[in-house]
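Chain by chain, the residues:
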Amino acid sequence: MGLIRPHLLNSSGDTLNTVNMADETIADLDCGFSLCGGRRLCGGLIKFAKPAVFITVLSILGLVQGEIEGYFNVHYSTNSTDVSLQFVKWMFFGSYVLQLLIIVPLCYIGGKRSRPFWLACFSIFAAILCILFGIIVLFTYSSSDVATTYSLTQDPTLCILWSERLITDSVNWNWLTLIMLYLIHYSIGLMWVSFLALGITFVDDNVNMESSPALIGVVLAVQQLGPKVGIILGWMCYTTVVSGILWIVLGIFLVIVAFIMSLFSHQLTDSNGVIITSATKSYGTNTGIIRSILRVFSNRIFIFITLALIHMRIASVNFDNIQSSYEESVYYATKPMGFDDPWRARSVIGYIRPVVTALAFLLSGFIIYKLKPSALRISIWSVISLCLVAAITFSYIFLTCSNSHVHNENNNAFDLTEYCNKDCQCSSTLSFTPVCEQSGNTVFYSPCHAGCTTVTYSGNSRVYKNCTCIATETASLENCHYGICTIFWVFFQCLTVLSAALLSSVVIGNLIICFRAVLLNDKPVMIALQTALVTLIANFPAKLIYDLVGSWSCIVLGDDSCRLHVSQPYSTFINLLTISFLLGAAGMFTIVCFLVRNLQLQNDSSSIPRSTEMTDFRSQLNSALKRRSLTTGEDQKLLTKPVPQITIKPALAGNEHRISTYEAQRQKAASYSDELNKLLQSSPLVQSQTQTRSQTNLQDDNQTRSPGETIRKEGMLTTLL
């Protein structure tokens, strides 16, 4: 793979012009950060404001944002609150709605001004919240270390007599922590939307159109690695003190990167230190956030691509969210436990997945950069990719462990308590921790429900003994995975990685299509609307649909969610639901194929300009046609009535002439005609028609006309004298 160098716009079709630094004073620079001598610092560093430097800083910013998002997910799901999950779902839904209401006007304002500065503001807001939350964790959760020590002395999954079981009643949350979690979740959403709406659009506007996909691919590829790094950092935090310190460190690091981002002006420079003035900086008279939103929603390409991305996001995000529950019910595998995951295949594939996804972003951007496919071919590839993912998802239905069954499972009824474990007093909040007898055909919900009282460790494996519900009195987790069941599970893991890569390969191409399908001024608003809508619909209404479908096959219901499902029905329902959304996305992209046939992704001087850039011309043309239609009725009346011969008589005083009433109407109509002709002549789409019409008029003029004959010339009725 060759080296891709970010170069500024320099072709004949590009819309940027250069301005010498000598002609620009420091006071004229829009540096964003201007406090405490920031404008002078920006002026001194303007020579470093090159595309390569900006892309590097933006990539690091995306990596840090991803780390915070991944670490937040680990911290929230393990040791944050004991609040009902239903309450948390509605709380996060409010966060998504507020993001949609706030981020669109803010991105509109930031798009008209310094986009790097506004992107830095969103990041600094999130960084401040991370630092505050770290301080709260250090001062509030110091008592939670006791629970960590207790878990090492008594395993809650074992069968322990009621008289010997220790009962702890600790609440490790308060309303302040809950509010901070809400604010951090809200700030993470703002960071991600602004990263695309302000950062990625700034890259597209300040580099050559041909190299833009490759450079955007680099930025998004680096950002994809961030969440996995954050998850690893969360696994390393075994104590509350380390967790609080890590929140503070991540916040400080984000402040540093965001401050560097704020020093970039709204203009980048080339290798000679010449400031580049972007055409996107100039806003026409037809501005305003309401008009911008209306223009975006009137764009059919935007509408159908957004609908396709919503369907695709619903399928990918919700299946990823339930994947651990899916593996529990279908393959009888415990949930991942960080570095202590007993299944090495899942751990390895978990590290490979983000790398493969990042490579998909890199390769898709590089292929668009080198091959320069048309918008139609990109849309066709989107349809093919989604159909392939749908076929892969359909194969999941047949990759199940049909030879194994859960103990006491009978007609979707599951009685966990029986005579052999009635004295164990197994906790009702115990998660699914399957163990199997030596044959592996019978699966017990947990060692406690199998009546196991002791456990021995052999490396990373655990062997449970003295199990009163098993004839051999020995059980282990490894017995649940043998033969064809293990092969199916590993194959399933590999197919999920392939599906993630295929879905990632369509993102950059459709992002470029959206950029080229709207006016330059509407890019930030368009991306903000699209990202916020996709995130909102995929993470709440669609999640409720998946929860409803999953409840049909639930056999062990916990306090807030289902803990175990019947294997075959659950696999069938969930996969068919996912396939329906994937095929819906493929159908939307099929419609996009017909809409983007004439859309140009790269500048070409010999081609017709992009149809979407003619939006303002068409609006003016429609207005002119409406004004001209007012005179159409009068013209029709004149055609039906006999036209008297018009003579011009000299006035009695001077050389002035009186013009008839008909001549006044003719001049009025001619003014509308002149305005319409100017608009038509300014459009390259009608130049050929104008030339043909001119040749026809010339031939008509060469013909001999008799006096008194009425002819139509340039849209006007004229009677020859």
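- The name that an unreviewed UniProt entry assigns to the protein is Kazal-like domain-containing protein, with the source organism given as Clastoptera arizonana.
- According to the UniProt record, the Subcellular location (unreviewed entry) comment for the protein is "Cell membrane".

1. So, the pattern of salt bridges
- Under the counting rule described, the total for this entry stands at seven salt bridges.
- Between R115 and D205 there is a salt bridge; the shortest N-O distance is 2.9 Å. In this pair, R115 sits in helix 4 (residues 115-140) while D205 sits in helix 6 (residues 175-206), placing the two residues 90 residues apart along the sequence. With respect to burial, R115 and D205 carry one shared label: buried.

2. As for the environment of P373
- Position of P373 relative to the elements: it lies in the loop between helix 12 (344-371) and helix 13 (375-395).
- In sequence terms P373 and L601 are 228 residues apart; their C-alpha atoms lie 8.5 Å from each other.
- Discounting chain neighbours no more than four positions away, the residues touching P373 are I367, I368, I378 and L601.

3. Topic: the packing of aromatic side chains
- Here the structure, examined in full by the defined rule, presents 21 aromatic pairs.
- Aromatic ring contacts, followed pair by pair, group F319, Y326, Y331, Y396, F492 and Y570 into a single cluster.
- Here K228 stacks its cationic end above the ring of Y351, 5.0 Å away from the centre of that ring.

4. Quick notes on the state of the cysteines
- Going through the model one piece at a time under the given rule, you end up with five disulfides.
- Two residues share a disulfide in this structure: C426 and C448, whose sulfurs sit 1.9 Å from each other. Where C426 bonds to C448 through sulfur, the torsion about that S-S bond is close to -100°, and the disulfide is left-handed. Here the residue C426 occupies a position in the loop between strand 5 (413-414) and strand 6 (435-436), and C448 occupies one in the loop between strand 7 (442-444) and strand 8 (454-458), the gap between them amounting to 22 residues.

The rules behind these values
- Going along each chain's sequence as written, the residues are numbered from 1 onward.
- It should be noted that, the model being predicted, local features are given only for residues of pLDDT at least 70 and side-chain atom pairs only at 80 or more, the latter also being counted only at that level, while totals for whole chains, interfaces and linings use all residues.
- Note: side-chain values were computed over all heavy atoms of the structure, leaving out hydrogens and water.
- UniProt positions are given in the numbering used here, feature names are shortened, and annotations may be inferred rather than shown by experiment.
- Basic side-chain nitrogens of Lys or Arg form a salt bridge, by our definition, when they fall within 4 Å of a carboxyl oxygen of Asp or Glu.
- Numbering of helices and strands starts at the N terminus; helices are DSSP runs of H or I of at least 4 residues and strands are runs of E of at least 2.
- The rule is simple: take the accessible area with a 1.4 Å probe, protein chains only, and divide by the maximum for that residue type; under 20% is buried, over 50% is exposed, in between is partly exposed.
- The contact criterion used throughout is that any non-hydrogen atoms of two residues lie within 4.5 Å.
- Only Phe, Tyr and Trp rings take part, Trp by its six-membered ring, and two of them pair if their centres are within 6.5 Å. Stacked means planes under 30 degrees apart, edge-to-face means over 60, and tilted covers everything else.
- By the criterion adopted, a ring carries a charge over it if an Arg CZ or a Lys NZ lies within 6 Å of its centre and within 35 degrees of its normal.
- The disulfide criterion is simple: two cysteine sulfur atoms within 2.5 Å.

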